Amino acid sequence: MPVSGNLNETSRISVLPRELVNQIAAGEVVERPASVVKELVENSLDAEASTIEIVLLDGGRRLIEVSDDGIGMSEQDAVLALRRHATSKIQTFEDLLSVSTLGFRGEALPSIASVSRFRMITGDGSGPGGHELTQLQPDEPADVRPAARDRGTTVVVEDLFVHVPARRKFLKTASAELRRITSVVSSYAIPNFAVSFRLTHNERLVLDLPAMHSERERAIQILGARCEPHLREIDFGTEACHVHGFVARGSNIGGRKHQFTFVNGRMVRDRVITQAVRKATDAFDDSRQPALILDVRVRSDEVDVNVHPAKTEVRFRDSGRIFVTVEKGVRTALGAPESGAGLMTGDRSRSHHDSSTIRERDNPLFDPRRWDVPEPEYRATPLFRQGSIVQPPRPEPTTEVPGIGRLGDLEGRVIGQYRHSYIVVDIPAGLRLIDQHAAHERVLYDRIEASRDRGLESQRMLSPVVYDCGAAEAALLDSRLDELRKVGFEIERFSAGAFGIAAVPVILSEKRILAFLGDVASDEESGAFESVRHRIVASLACQAAIKVHRPLSGAEMSDLAASLLRSSNPFACPHGRPIIVDIAHVDVEKHFHRR
């Protein structure tokens, strides 16, 4: 169709300048300092580096420097590398359909250079030295000069987002950005166990991961030595689709933070893999997801890695095959019924005694005295109290809290305990169920907060407790030491992945220390000091509180119910879960067709 109109008229549509185009593209690739480190580490791995060193200042906001001993570049290649869509990884469309390298889009270096003060020193070993390229402004060509450099490449990124100051407002604190970078480096260290990684922040060593001889050694290095007895190898599949890695359960190191998934060595977030892992682990009697390292190997033409600018998502040609292979691989490693483990929900071949023994061995904190196991009779008399066991309602607040109703008539009496987990109270309006763990957690949280000014009382250990953890977890825990000391801990880091605890708050039993520190080290959320303190205190209260499946005496239940109703918020625990559920008497009568 021919174009009509006068082409000399001012058009509302214009071609964007190259500087703006680069900055828009950089927004897709460079989200935060961790994105820069990810792209540069991928380049180093593609360059066959055996040593990668990362230096940071202020969480990567002031400085990111990545050096490697890879193949390096000639002057001509280095200049071309700063041009958008210039790459050595692919040449044709067919190459794009079978990408085997981590990088291939040719966008990382120009995108990074467009939002920072950029410098690159590189050499391919063909001459006596190397070349230095400096680009301080995004609309200016890079300045090239000779430089002293052995074979390899060093990329220096200063003042990230200096040319787009609005983007800097969205960055987290330095410690939060450091935790993300630590996670990225640790993730890529797993499949590349023969490569050594070293991460320094503000002239302080954060990660030191020397080259290992096997994937198992690297897995222990990342997850921590305490996972070694629980580590099970995953090795399942066919030539078309094969999964390999490790899974660990029962070692108090589970959770999403300790799950690393890769496709052909590329770190990815994929819903198919995640759902398959969840289905494989849900059938086992664990309260949290296990630690997992999983690499899915498929032919390069069976997976599309060009579906996300940052290459963190993929699309499989046959996602059903991937799902089945991952699920069966993880289940087999954990011990499916056909392997003789007898841990699946539907397995009836074992007696109650054997089942509880397995649970206790895998999780020593699990109380085998559950509601579904026959128990001796206990006396009912202490569970019943004559008269009110709780205090009258407190004066109403002057302002209503949106979404929270009144407790109503608090007159009532404890009439029992449901499944050793919920306190049953008879109130005039009907029945009240109180979650004993959440209730005690709320009471302890308020007690800790009330002692903020005078400090929480500590108890010294007869001998220091050693908390051993993985490299990434140690870096995160190290950033929380000041907050831990303020709630009663005496804790010091004495090696790369180990902490010594000399004293703990009196409310925390010794057997819960490691579980509590694991919770703190798994909390990657950032925020102001008060927010971090709240999460630490909430976790401390959670670990110190009584658990479900624990029988309580009538006096204990009465005291807990009364303490709860005097707390700052009887409706929800510090983590936001409900504590009280009321069942109206009229609803009970309706179920029996009395109304």
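Provided above is the structure to which this section pertains.
### Examining the pattern of salt bridges
In total, this model carries 24 salt bridges according to the counting rule given. Each of Lys38, Glu39 and Glu42 takes part in a single network of salt bridges with overlapping partners.

### Quick word on the packing of aromatic side chains
By the definition in use, this model includes two aromatic pairs. Relative to Tyr422, the ring of Tyr418 lies with its centre 6.3 Å away and its plane at 35 degrees, an arrangement referred to as tilted. The interplanar angle of 10 degrees and the centroid separation of 5.2 Å between the aromatic rings of Phe489 and Phe516 together place this pair among those described as stacked. Remark: Phe516 occurs in helix 15 (residues 513-522) and Phe489 occurs in the loop between helix 14 (481-486) and strand 20 (490-495); sequence separation between them is 27 residues. As far as burial versus exposure is concerned, Phe489 and Phe516 are alike and both buried.

### A closer look at empty space enclosed by the protein
Taking a probe equal in size to a water molecule and rolling it over the atoms shows the remaining empty space. Under the definition given, this model contains three cavities of 30 Å³ or more. Roughly 50 Å³ of volume is contained in the largest cavity. Lining the largest cavity we find Ala240, Cys241, Val298, Glu302, Phe316, Arg317, Asp318, Arg321 and Ile322. A breakdown of the residues in the lining of the largest cavity according to their chemical character gives five nonpolar, no polar and four charged.

### Concerning the sheet that holds strand 1 (residues 51-57)
Spatial strand order, 5-4-3-6-2-1-7-8: eight strands in an open sheet with mixed pairing. With partners counted over all chains shown, the strands left at the sheet margins are strand 5 (143-147) and strand 8 (204-209), one partner each. Looking at each pair of strands side by side, their axes are set apart by 10 degrees on average, direction ignored. Pairing of strand 1 with strand 2 (residues 63-68), which is carried by six bridges, proceeds in the antiparallel orientation. Looking at the pairing, Ile52 lines up with Asp68 of strand 2.

### Some words on helix 8 (residues 215-223)
Here helix 8 has its buried residues at Arg218, Ala219, Ile220, Gln221, Ile222 and Leu223. Downstream of helix 8 by one or two residues, Gly224 has phi in the positive range, about 110 degrees.

### Description of the nonpolar core
Ile52, Phe118, Val157 and Phe197 are the most contacted members of the largest nonpolar core, which has 59 residues in total. Not counting the four nearest positions on each side in its chain, Ile52 is found in contact with Val41, Ser44, Leu45, Val66, Ser67, Asp68, Val195, Ser196, Phe197 and Arg198. Of all hydrophobic cores here, the second largest spans 30 residues; its members include Leu444, Ile491, Val504 and Leu508.

### Examining the sheet that holds strand 13 (residues 291-298)
The strand order 9-10-13-11-12 describes an open sheet built from five strands, whose pairing is mixed. Each having just a single partner strand, strand 9 (231-237) and strand 12 (266-267) make up the two edges of the open sheet. Of the strand pairs in this sheet, strand 10 (residues 241-248) and strand 13 are connected by eight bridges, and their pairing is antiparallel. Of the residues in strand 13, the one forming a bridge with His242 is Arg297.

### Some words on the pairing of strand 9
When strand 9 meets strand 10, the two strands line up antiparallel, connected through seven bridges. Residue pairing across strands places Arg232 opposite Val247, the latter belonging to strand 10. Once strand 9 ends, the chain turns through three residues before running back antiparallel as strand 10.

### Focus: the packing of helix 9 (residues 271-282) against helix 10 (residues 319-334)
Put simply, helix 9 and helix 10 touch, their axes get as near as 8 Å, and they point 35 degrees apart. In this structure, the crossing between helix 9 and helix 10 has a hand that is right-handed. Residues Val272, Ile273, Gln275, Ala276, Val277, Lys279, Ala280 and Thr281 of helix 9 form the contact with helix 10, whose participating residues are Ser319, Ile322, Phe323, Val326, Glu327, Val330, Arg331 and Leu334. Residue composition of the contact of helix 9 with helix 10, by class: ten nonpolar, three polar and three charged.

Parameters at a glance
Residues numbered from 1 in each chain as written. Predicted model: local features only at pLDDT ≥ 70, side-chain atom pairs only at ≥ 80, totals over all residues. Heavy atoms only, no water. Salt bridge = Lys/Arg side-chain N within 4 Å of Asp/Glu carboxyl O. Phe/Tyr/Trp six-rings, centres within 6.5 Å; stacked < 30°, edge-to-face > 60°. Helix = DSSP H or I, 4+ residues; strand = E, 2+ residues; numbered from the N terminus. Buried < 20%, exposed > 50% of the residue type's maximum accessible area, 1.4 Å probe, protein only. 1 Å grid on protein atoms, 1.4 Å probe; cavity = no way out; pocket = protein on both sides within 12 Å on 5 of 7 lines; lining within 4 Å. Points joined across faces, edges and corners; volume = space filled by probe spheres on them. Nonpolar A, V, L, I, M, F, W, Y, C, P; charged D, E, K, R; others polar. Pairing = 2+ DSSP bridges. Axes fitted to C-alpha atoms, helices over the stretch in contact; angles between N-to-C directions. Core = buried A, V, L, I, M, F, W, Y, C linked by side-chain atoms within 4.5 Å. Contact = heavy atoms within 4.5 Å. Left-handed = near helix turned anticlockwise from the far one by under 90°.

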